[in-house]
Amino acid sequence: MDVNFRKIDIDQFDEDVLQESELYVADPRDPYEVLEEAKQRQAAVRTSLARSDIGGALGIVLENAPYGPNVEEAKNLTLQTLLSILNSTKSTEIAGVIKPLSPDAQDTLMKYLYKGMALPGWGDISGSVLLGWHEKVWDA
């Protein structure tokens, strides 16, 4: 049986194929600038966590999150920063931290939760922490 037919990219013959660049507008900032901003946010989050200000830390990391192509390093740094916030939050405090967030911030948080779930073993966070946060965000 010949299986070479499965190696043909049929999308190249379709005029209406959806390209990744059409899904969203790319981040207008320079990738280096986005990475530097992510590093600054990481430092601000650490300061907020040292003061036990979980809501403030979450607001900092979710504000103006990096998106689009060419900013993968900034996205990973932001995800790592967010996971450190999730790990340092007690399960009883999660609902109180999520409620003051805007719907857009909750949506961004949910995207990061799914990204964290898609990368098993990434960082020092367990799936149960991500699922606990997912449940609370879904209920909000």
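In this text, all values refer to a predicted model and were calculated from it rather than measured experimentally.

Direction vectors running N to C along helix α2 (residues 54-62) and helix α3 (residues 72-87) enclose 165°, while the axes themselves pass 10 Å from each other. Between α2 and α3, the angle is such that the two are roughly antiparallel. As for the relative orientation of α2 and α3, their crossing is left-handed in sense. Taken together, the residues of α3 that come into contact with α2 (itself represented by Ile54, Ala57, Leu58, Val61 and Leu62) are Thr78, Thr81, Leu82 and Ile85.

Our focus in this paragraph is the pattern of salt bridges. Under the criterion given, the structure shown has five salt bridges. Between Arg41 and Glu37 there is a salt bridge, and its shortest N-O distance comes to 2.5 Å. Highlighted residues: Arg41 and Glu37, both in helix α1 (residues 31-50), separated by four residues, approximately one helical turn. Given a relative accessible area of 21%, Glu37 falls into the partly exposed group.

Turning our attention to the confidence of the model for the protein. Put simply, the protein has an average pLDDT of 85, and 92% of its residues get 70 or more. Per-residue pLDDT, averaged within each element of the protein, yields its smallest value for helix α6 (residues 127-139) (87) and its largest for α1 (93).

Calculation rules
- The residue numbering used here restarts from 1 in each chain and proceeds along that chain's sequence as written.
- At least 70 in pLDDT is required for a residue's local features to be given in this predicted model, at least 80 for side-chain atom pairs to be given and counted, and no such filter applies to totals for whole chains, interfaces and linings, which use all residues.
- Water and hydrogen atoms were dropped before computing side-chain values, which therefore reflect all heavy atoms in the structure.
- To get an axis, a line is fitted to the C-alpha atoms, and for a helix only the part in contact is used. The angle between two axes follows their N-to-C directions and goes from 0 to 180 degrees.
- Here a strand is any run of E in DSSP of at least two residues, a helix any run of H or I of at least four, and the numbering for each starts at the N terminus.
- Roughly parallel refers to an angle under 35 degrees, roughly antiparallel to one over 145, roughly perpendicular to one between 65 and 115, and oblique to any angle outside these ranges.
- Throughout, a crossing is termed right-handed when the near helix is turned clockwise from the far one, and left-handed when it is turned anticlockwise from it by less than a right angle.
- By the convention used here, residues are in contact when the closest approach between their heavy atoms is within 4.5 Å.
- Here, a salt bridge means any side-chain nitrogen of Lys or Arg that lies within 4 Å of a carboxyl oxygen of Asp or Glu.
- Burial classification: accessible surface area is computed with a 1.4 Å probe over protein chains only, and a residue below 20% of its type maximum counts as buried, one above 50% as exposed, and the rest as partly exposed.
- Confidence scores labelled pLDDT are given residue by residue by the predictor and lie between 0 and 100.

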